[in-house]
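Take a look at the letters that make up each chain.
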Amino acid sequence: MKRVAIQGTLGSYHDIAAHNYFGEEEIELVCCNTFEDIFAEIKKDARTLGMLAIENTIAGSLLHNNELLKESNTQIIGEYKLRISHCFVCLPNEDWEDITEVNSHPIALMQCRDFLNQHPQLKVVEGEDTARSAEKIKLNNLKGHAAICSKAAAELYDMKILQEGIETNKRNFTRFLVVADPWMADECGCKQAVNKSSIVFSLPHTEGSLSQVLSIFSFYNINLTKIQSLPIIGREWEYLFYVDLAFSDLLRYKQALSAITPLIKELKILGEYAEGKSNV
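Basis of the calculations
Residues numbered from 1 in each chain as written. Predicted model: local features only at pLDDT ≥ 70, side-chain atom pairs only at ≥ 80, totals over all residues. Heavy atoms only, no water. Helix = DSSP H or I, 4+ residues; strand = E, 2+ residues; numbered from the N terminus. Rg over C-alpha atoms; globule rule 2.2 N^0.38 Å. Buried < 20%, exposed > 50% of the residue type's maximum accessible area, 1.4 Å probe, protein only. Areas by Shrake-Rupley, 256 points an atom, 1.4 Å probe, with all protein chains shown as cover. Lys, Arg positive; Asp, Glu negative; His and termini not counted. Charge placed at Lys NZ, Arg CZ, Asp CG, Glu CD. Phe/Tyr/Trp six-rings, centres within 6.5 Å; stacked < 30°, edge-to-face > 60°. Polar contact = N/O pair within 3.5 Å; in protein donor to acceptor, adjacent residues only side chain to side chain. 1 Å grid on protein atoms, 1.4 Å probe; cavity = no way out; pocket = protein on both sides within 12 Å on 5 of 7 lines; lining within 4 Å. Points joined across faces, edges and corners; volume = space filled by probe spheres on them. Contact = heavy atoms within 4.5 Å. Pairing = 2+ DSSP bridges. Axes fitted to C-alpha atoms, helices over the stretch in contact; angles between N-to-C directions. Salt bridge = Lys/Arg side-chain N within 4 Å of Asp/Glu carboxyl O.

Asks: So, the overall build of the chain: which residues are in play, and what are the values?
Replies: Counting its regular elements, the chain contains 10 helices and 16 strands. By the compact-globule yardstick of 19 Å for 280 residues, the chain fits well, its C-alpha radius of gyration being 21 Å. Dimensions of the chain, computed from C-alpha atoms along their principal axes, come out at roughly 65 × 45 × 35 Å. Taken over 280 residues, the chain has a buried fraction of 49%. Taken as a whole, the chain presents about 13,700 Å² of accessible surface, with 51% of it coming from carbon and sulfur. Here the chain contributes 28 positively and 38 negatively charged side chains, and the mean placements of these two sets differ by 2 Å.

Right, dumping it as structure tokens:
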């Protein structure tokens, strides 16, 4: 049985992504309050894997998770893209006219802004997790409270679904990464052919340094699926570039890395893995 640390509780989108990714494999979930706790669990037990959100098609990248990933020295071994569909739920014996307050994670609330604007009478309260908001309402019998969460969480905590699909943009996906201690990466990595990688590097503060690197990737037919810059603390106007690369030829990818090495500083490969599937 695989031990998988997630941020959130049972019924959360991390829970759904983990079970979808591992499919029929039996997994033991370790529910963590924060993303930092995921990496702490891996450090405590190298056999533990981590599942963490890294970007959303609406909210963008979770920048802090890039930094945590780099500093943790874990390796990305896989990814999963989950279609996010939110539900508006309440206690089983309540209905629309009873609801005065809605609770959920700030990103979920943001993703349902149009729905919330249609109900201006509701007090909006941010919580630490979508599923945990539903769980809290159920356990404490909080009358007049509603949560925004997954359908799975609503069913798990026996909540009434007042409306499904309340997210503003129906093309709402979150990309999750599966990470492992380097000692476990080879054993637990995806058996599919590697065709994607995540790297991070810095550049000398000289004119045209980034364009030279991008030109090399283009020459080797390497597709940049994401590029994200973050400032290097204590080094004014210098940045770390977090880049996701997709490729069909592993050898050309390796050649491209060799070609950019003289042009960059502090290259670190965060993981080489197979492009993730989606639940749609």
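Asks: So what about the packing of aromatic side chains? Which residues, and what values?
Replies: This structure, assessed with the given rule, holds 7 aromatic pairs. A ring pair is formed by Tyr 21 and Phe 22, whose centres lie 4.8 Å apart and whose planes are at 85°; its orientation type is edge-to-face. An aromatic cluster is present here, built from Phe 88, Trp 96 and Phe 115 joined pairwise through their rings.

Asks: Run through unusual backbone geometry, naming residues and quoting values.
Replies: Notably, Asn 221 is not glycine yet its phi reads approximately 60°, a positive angle. Counting through the fold element by element, Asn 221 comes out in the loop between helix H9 (209–219) and strand S13 (223–231). According to the relative accessible area criterion, Asn 221 is exposed, its value standing at 59%. If you check the backbone angles, Glu 266 has positive phi at about 55° while not being a glycine.

Asks: Please provide a residue-by-residue account of the environment of Asn 56, values included.
Replies: Relative to the elements of secondary structure, Asn 56 occurs in strand S3 (residues 49–56). Residues Asn 56 and Leu 82 lie 26 residues apart in sequence; the distance between their C-alpha atoms is 9.4 Å. In terms of polar contacts, Asn 56 uses its side chain to reach the side chain of Gln 111, at 3.1 Å.

Asks: Could you give me a rundown of empty space enclosed by the protein, with the residues and numbers involved?
Replies: The final tally for this structure, using the stated rule, is 1 cavity of 30 Å³ or more. Reported here for the largest cavity is a volume of approximately 70 Å³. Around the largest cavity sit 13 residues that line it, and Asn 66, Ser 198, Lys 226, Asp 244 and Leu 270 are the ones nearest its centre. When residues of the lining of the largest cavity are traced back to their parent elements, those giving at least two are helix H3 (63–72), strand S11 (173–180), strand S12 (196–202) and strand S14 (239–246). Ranked by the residues each element gives to the lining of the largest cavity, the list is headed by S14, at 3 residues.

Asks: Tell me about the side chain of Lys 196, and please be specific about residues and values.
Replies: Note that Lys 196 resides in strand S12. We classify Lys 196 as buried; its relative accessible area is 5%. A polar side-chain atom of Lys 196 sits 3.1 Å from a polar atom in the side chain of Glu 79. Other than its neighbours up to four places away in sequence, Lys 196 contacts Glu 79, Arg 175, Thr 225, Asp 244, Leu 245, Ala 246, Phe 247, Gly 271, Glu 272, Tyr 273 and Glu 275.

Asks: Got a sec to walk through the sheet that holds strand S9 (residues 145–149)? Specific residues and values, please.
Replies: What the 5 strands build is an open sheet, ordered S8-S7-S9-S6-S10; its pairing is mixed. Only two strands of the sheet have a single neighbouring strand rather than two, namely strand S8 (123–126) and strand S10 (160–164). Between one strand axis and the next, the sheet turns through 30° on average, direction left out of account. In the sheet, strand S7 (residues 101–104) pairs with S8 via 4 bridges, with the strands oriented parallel.

Asks: Outline the pattern of salt bridges, supporting the account with residue identities and numerical values.
Replies: Proximity of charged atoms lets side chains of opposite charge pair with each other. A complete count under the given rule lists 21 salt bridges for this structure. The closest approach of N and O atoms between Arg 132 and Glu 128, which form a salt bridge, is 3.3 Å. With relative accessibility at 17%, the residue Arg 132 sits in the buried group. A salt bridge links Arg 235 to Glu 266; its shortest N-O distance comes to 3.1 Å. You can see Arg 235 sitting in the loop between S13 and S14 and its partner Glu 266 sitting in strand S15 (residues 265–273), a full 31 residues away along the chain.

On their own, these measurements won't tell you what the molecule is for.
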